[in-house]
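Structure assessment
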Amino acid sequence: MSDVQIGFAGIGILLALIALRVPIGVSLIGVSFFGIWVLVGDRAAWGSLGVIPYSFAASWHLSSVPMFLLMGFLCYHAGLTKGMFDAARMWLSRLPGGLAIATVFGAAGFAAVTGSSVACAAAMGRIAVPEMMRHRYAPSLATGTVAAAGTIGALIPPSILMILYGIIAEVPISQLFLGGVGAGLLTTFGYIAVIVIRAKLNPELAPPLHEEVTFRDKVLALRETWPVFLLMLGVFGGLFSGAFTPSEAGAVGAALATIIAAVKGSLTWASFRDALVETLLTSASLFIIAIGASMLTRFLAFSGAGDYLSDSVSAIGADPLMLLIGISLIYLLLGMFLEPIGAMLLTLPILLPILDTAGFSLIWFGVLLTKFLEIGMITPPIGLNVFVIKGVVGDLASTGLIFRGIAWFLVADLFVVVALIAFPQIILYLPNLLG
Amino acid sequence: QDLKIAVGFPPGSAAFYALDNLAKNIEANSDMKAKVFALSLLNLKETPPGIRDGIADMGFVLPPYYPAEYAETNLAANLSMLATTGEQIESPGTAMGAAMTEYVFLHCPECLTEHKRMNQVYLGTGTSPTYILHCTTPIRTMADLKNKKYRSGAANFGRWAEAVGGTKVSVPGNDIYEAMAQGVVDCGMFSATELTNLQLFDVTKYITTKIPGGVFAGVATNNINRDTWADLTPEQREVIFKASARSNADVTWKYYADAKRNLNDAPDKGIEIIEPTEEMVKFSNDFVESDLKVIAEQFTNDYGVDNAQAKIEKVAELVDKYKKLTKDMADDPEALAQLYWDEIMSKVDLTTYGLD
Amino acid sequence: MSFIDRWLARATNLTTVIGAIAVVLMMVHITVDVVGKFILFLPVPATITLVSNYYMVVVAFLPLALAERRNSHISVEVLTEQFSPGVQRHIHGWTCLYSAVIFSLLTYRSFLDAVDKYELGSFIMEQSTKVPIWPGHFLLPLGAGLMVLMLLLRFANYLSGRPQPGGSGTVAE
Ligand code: NA
Ligand code: NA
């Protein structure tokens, strides 16, 4: 077998293990370990098992994930966000799927604070899902909404992926950030359209509010929204005034949530303890998967599979449309198995020069690529956003159920991708205007 | 023999340029194959243990990431401010890189031992150009330097920030962009190469040249795994050794050339370039002088390095030697590589080097 | 068996307490550093080093066994949920053994690394502050090792037909 064939065989075995319900992290680590052994030898296999897990977890950057998780869990257990959702329910009662729509808007707002979609999903997950379930939303819609909405976190600036792309492609990060605004907003509205259409077609999914709500009720409901506004004010204010970076925003958010809950009088020992334990459970189950995904990237790097796929695309020839379709397929395929940074590292060295020669704007492509990689975050079998939501909802929903709930949002993503390709101005308008 | 070479920087970076050239030189002069993995195999932090454990055969190692493991090498690297004080040359990195390389190869058996402990064979050093201030606010006078927040990547630059009355802030490489964009730091201290390397053109508004000075010398350009090294034939080892002389020179030259280009481009991108006052330069030079004692103390106490004072004097002497020898080599990597070979690497006994 | 079960429960509880402390410290440490930098121009020393080399390593590895006990590790059940409960039980038992093998490899390898770091007295200098980091390296084999024991207990329970801690491990739709 050639190296590339071994790479694809490894993917096949990985799929089989996952189907047999081997924990995802174990499946990834095992296939990568034995795969590297076969490709390069035992020394490199043992080496990667020694080097990668520690160096991956011992990361300042990743610290925002447990911190945003903690903030979300604290908000939930101390009831900080309940008032906000009650208000949203009353104000959006006429809109089909109002709470889900409020969740998407919440994620889009949160996206301006965090640079990663996992952190965004983590923060929104524990806040939004139980509130939607409390109002008898279908679990698939509730969980699918948050997992998908989390991807907006990497599209609307700041964005870790765009920073890395900017460095690799040598294009201005500020232009990518501006371009991300258009793609992020289009995605936001695409997801809202999905929710409205689904709720219209099947009101069971998101039961409309039947009680009479007077304007007075609506205004009164606003009184209980102060904890969330205070939290948002603190996090946004600190970020934009230069007090902290997005990497630090999670910890500050969690600390603020603790203080607000204490002031509000809803911070009990039990709620604090539950928030901490859930943070630990979710972080550990998420990190072991991310470590496995990181090892899989090295295995595929050794196998040359990324080069092989990229070369196949370049062999398609000069037709720009065919090139774009080929590249789209590659990223949808890689996105199924790899985490975004790995997929980027494996392919960009070959694809960037090709795109540059073909005359595509590398700013436009960077934003489109981010969109593709974010789609990968919610496609089976390895979808990190889905796993975050699975972690925060526990037994309320299976991973299969969450993936099914996401299917509809993927349809919207398909439209968004086609629109971004057909009308590059959606991305390039702001960079051209302000750059 | 297939050599896997890891670079924790993306294609387009100076480090990638040098190691890609290395791979080409190795393939052209031997029957070996060499493949360079840019970022996809090992990142900067993973590279030293990654080479030790054989994930990659060779790679671009930054010893400062592992202060305990490479204490002796880092002592020499910490003296980089010597390259920019005293006699001024066009590209101080050429002097510092060659001085480091001679020091480690010929005068510092402890250095070679610590590379050996990491299961690696040292093959030389190339460096960055001069560290200067990249700021979001203009720094024109001594008074401007006060009460600013400085991003410093190393202890000596942190002490410089405190000496001028500012605050040192630790920000990892990937966070610098956001930290400068949002004003979490006022000035970043690094070489002008990073304007493109880390895409900092967008967020830099003012550059003050010459200060703090110093270069980034904590580099082992292409360390190789000891088992890989031992498995090679003597002829193959010589090919790699000669190619390494060139890749060390390439690192220094490419970093320098990119910095020069970036400083040329900066005004067109709306960045004002400020010359520091005499007073600022003098203050910085005096700091370097007094900081040498601090370095000696720190490496003796915290790192357990013996005879730190004598080692510092040796490195200082070598820096002066190579300032004279390399002063016309700023734009000539070929001549610099030849100097590395003639003055240093040809004096290493390849029949035993790295095989003990 | 129940002795081992009780002992493991106690060990995971202890790791949970340590983990919870690490999470709180991470939050407080970063926040105080942010406030210190912004208001007082006085950053807390070694924040990045402690967050990445201690708190994060605790959070990533110490709760592994607790997550196993609570069935919090993530898997995809789309295919196996079509099978009968008996078949699911067999599959689950043997995948626990496979997982135990993988985590044993990780435990062994990371323990060797930790010993190496200990012998060297590995540390990091953040600015002028020396922070030893070798103890953090032992957290990985500790967390992964507990995970191995937890998985072996599950496999033994499967062989002997005893109920699994934390329920059967099947997820309700
Ligand atoms: Na964002
Ligand atoms: Na996926």
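Everything numeric in this text was worked out from a predicted model, so none of it was measured.

Thoughts on the overall build of chain A
The secondary structure content of chain A amounts to 22 helices and zero strands. The C-alpha atoms of chain A give 22 Å as radius of gyration, which agrees with the globular expectation for 435 residues (22 Å, within 12%). Considered along the principal axes of its C-alpha atoms, chain A spans approximately 70 × 45 × 45 Å. Expressed as a percentage of its 435 residues, the buried residues of chain A come to 66%.

Concerning the environment of Ile24(A)
Secondary-structure assignment places Ile24(A) in helix H2 (residues 24-39). Beyond its immediate sequence surroundings of up to four residues, Ile24(A) is in contact with Ile18(A), Ile289(A), Pro381(A), Ile382(A), Phe387(A), Ile74(C), Ser75(C) and Val76(C).

Examining helix H1 (residues 3-19) of chain A
In this model H1(A) runs 25 Å from its N-terminal to its C-terminal C-alpha over 17 residues, within 8% of the 24 Å that 1.5 Å per residue would give. Residues Val4(A), Ile6(A), Gly7(A), Gly10(A), Ile11(A), Leu14(A), Leu17(A) and Ile18(A) constitute the buried set of H1(A). The buried side chains of H1(A) occupy one side of the element, clustering within an arc of 160° when seen end-on. Along its buried surface, H1(A) packs onto H2, helix H15 (269-303), helix H16 (305-315) and helix H17 (320-337) of chain A together with helix H4 (85-120) of chain C. Immediately downstream of H1(A), the backbone of Arg21(A) shows phi near 65°, a positive value.

A closer look at the pairing of strand S5 (residues 131-135) of chain B
Residue and element names in this part refer to chain B. With five of five residues buried, S5 is to be regarded as a mostly interior element. By the alternation rule, side chains of S5 split into Tyr131, Leu133 and Cys135 and Ile132 and His134, which are all buried. Here S5 runs beside strand S8 (residues 187-191); their pairing, made up of five bridges, is antiparallel. Looking at S8, one finds that Leu133 is bridged to Met189. Looking at chain direction, S5 and strand S9 (residues 206-212) are connected through four bridges and run antiparallel.

Observations concerning the coordination of the sodium ion (ligand 2)
Ideal geometry at a metal centre: 109.5 degrees between donors when four sit tetrahedrally, and 90 or 180 degrees when six sit octahedrally. All names here are of chain A. Bound to the sodium ion (ligand 2) are the protein donor atoms Gly335 (O), Met336 (O), Gly376 (O), Thr379 (O), Thr379 (OG1) and Ile382 (O), situated 2.3 to 3.1 Å from the metal. In this structure, the sodium ion (ligand 2) is surrounded by six donor atoms whose angles at the metal cover 71 to 159°, and the resulting shape is irregular. All donors of the sodium ion (ligand 2) come from a single chain, and their spacing in sequence reads G-M-x39-G-x2-T-x2-I. A residue pair is termed long-range when its members are at least 10 positions apart, and Gly335 in helix H17 and Gly376 in helix H19 (residues 362-376) qualify at 41 residues.

Some remarks on the domain arrangement of chain A
Residue and element names in this part refer to chain A. As assigned here, chain A comprises domain 1 (1-58 + 286-303) and domain 2 (61-267 + 305-434). Taking the mean C-alpha position of each, domain 1 and domain 2 sit 27 Å from one another. Listed by partner, the interface residues are 18 residues for domain 1 and 18 residues for domain 2. For the pair domain 1 and domain 2, the summed buried surface comes to about 1,600 Å²; carbon and sulfur atoms form 89% of the total. Counting the surface domain 1 buries against domain 2, the share from its top three residues, Leu286, Phe287 and Thr297, is 30%. In this assembly, domain 1 and domain 2 are joined by zero salt bridges. Mapped by element, the contributors of at least two residues to the side of domain 1 that touches domain 2 are H1, H2 and H15. The element that contributes the greatest number of residues to the side of domain 1 that touches domain 2 is H15, accounting for nine residues. Broken down by class, the residue content of the side of domain 1 that touches domain 2 amounts to 16 nonpolar, two polar and no charged.

Focus: the state of the cysteines
Residues and elements named next belong to chain B. Inspection of every chain in the model, using the stated rule, returns two disulfides over all chains. Through a disulfide, Cys108 is tied to Cys111; the S-S separation comes to 2.1 Å. Looking down the S-S bond of the Cys108 and Cys111 bridge, the torsion is 80°, so its handedness is right-handed. Classification of Cys111 as buried rests on a relative accessible area of 0%. Cys135 shares a disulfide with Cys187; S-S distance 2.1 Å. Because the torsion about its S-S bond is 110°, the bridge between Cys135 and Cys187 counts as right-handed. Here Cys187 lies in strand S8 and Cys135 lies in strand S5, a separation of 52 residues in the sequence. Overall, the relative accessible area of 0% leaves Cys135 in the buried class.

What counts, and at which threshold
- Residues numbered from 1 in each chain as written.
- Chains lettered and ligands numbered in written order.
- Predicted model: local features only at pLDDT ≥ 70, side-chain atom pairs only at ≥ 80, totals over all residues.
- Heavy atoms only, no water.
- Helix = DSSP H or I, 4+ residues; strand = E, 2+ residues; numbered from the N terminus.
- Rg over C-alpha atoms; globule rule 2.2 N^0.38 Å.
- Buried < 20%, exposed > 50% of the residue type's maximum accessible area, 1.4 Å probe, protein only.
- Contact = heavy atoms within 4.5 Å.
- Expected span 1.5 Å × (residues − 1).
- Arc of directions from axis to C-beta.
- Pairing = 2+ DSSP bridges.
- Donors = N, O, S within 2.8 Å, 3.2 Å for Na, K, Ca; no water.
- Tetrahedral: all angles 85-135°; square planar, octahedral: opposite > 155°, others 65-115°.
- Domains from an automatic or database assignment.
- Buried area = accessible area lost by both parts, 1.4 Å probe.
- Salt bridge = Lys/Arg side-chain N within 4 Å of Asp/Glu carboxyl O.
- Nonpolar A, V, L, I, M, F, W, Y, C, P; charged D, E, K, R; others polar.
- Disulfide = S-S within 2.5 Å.

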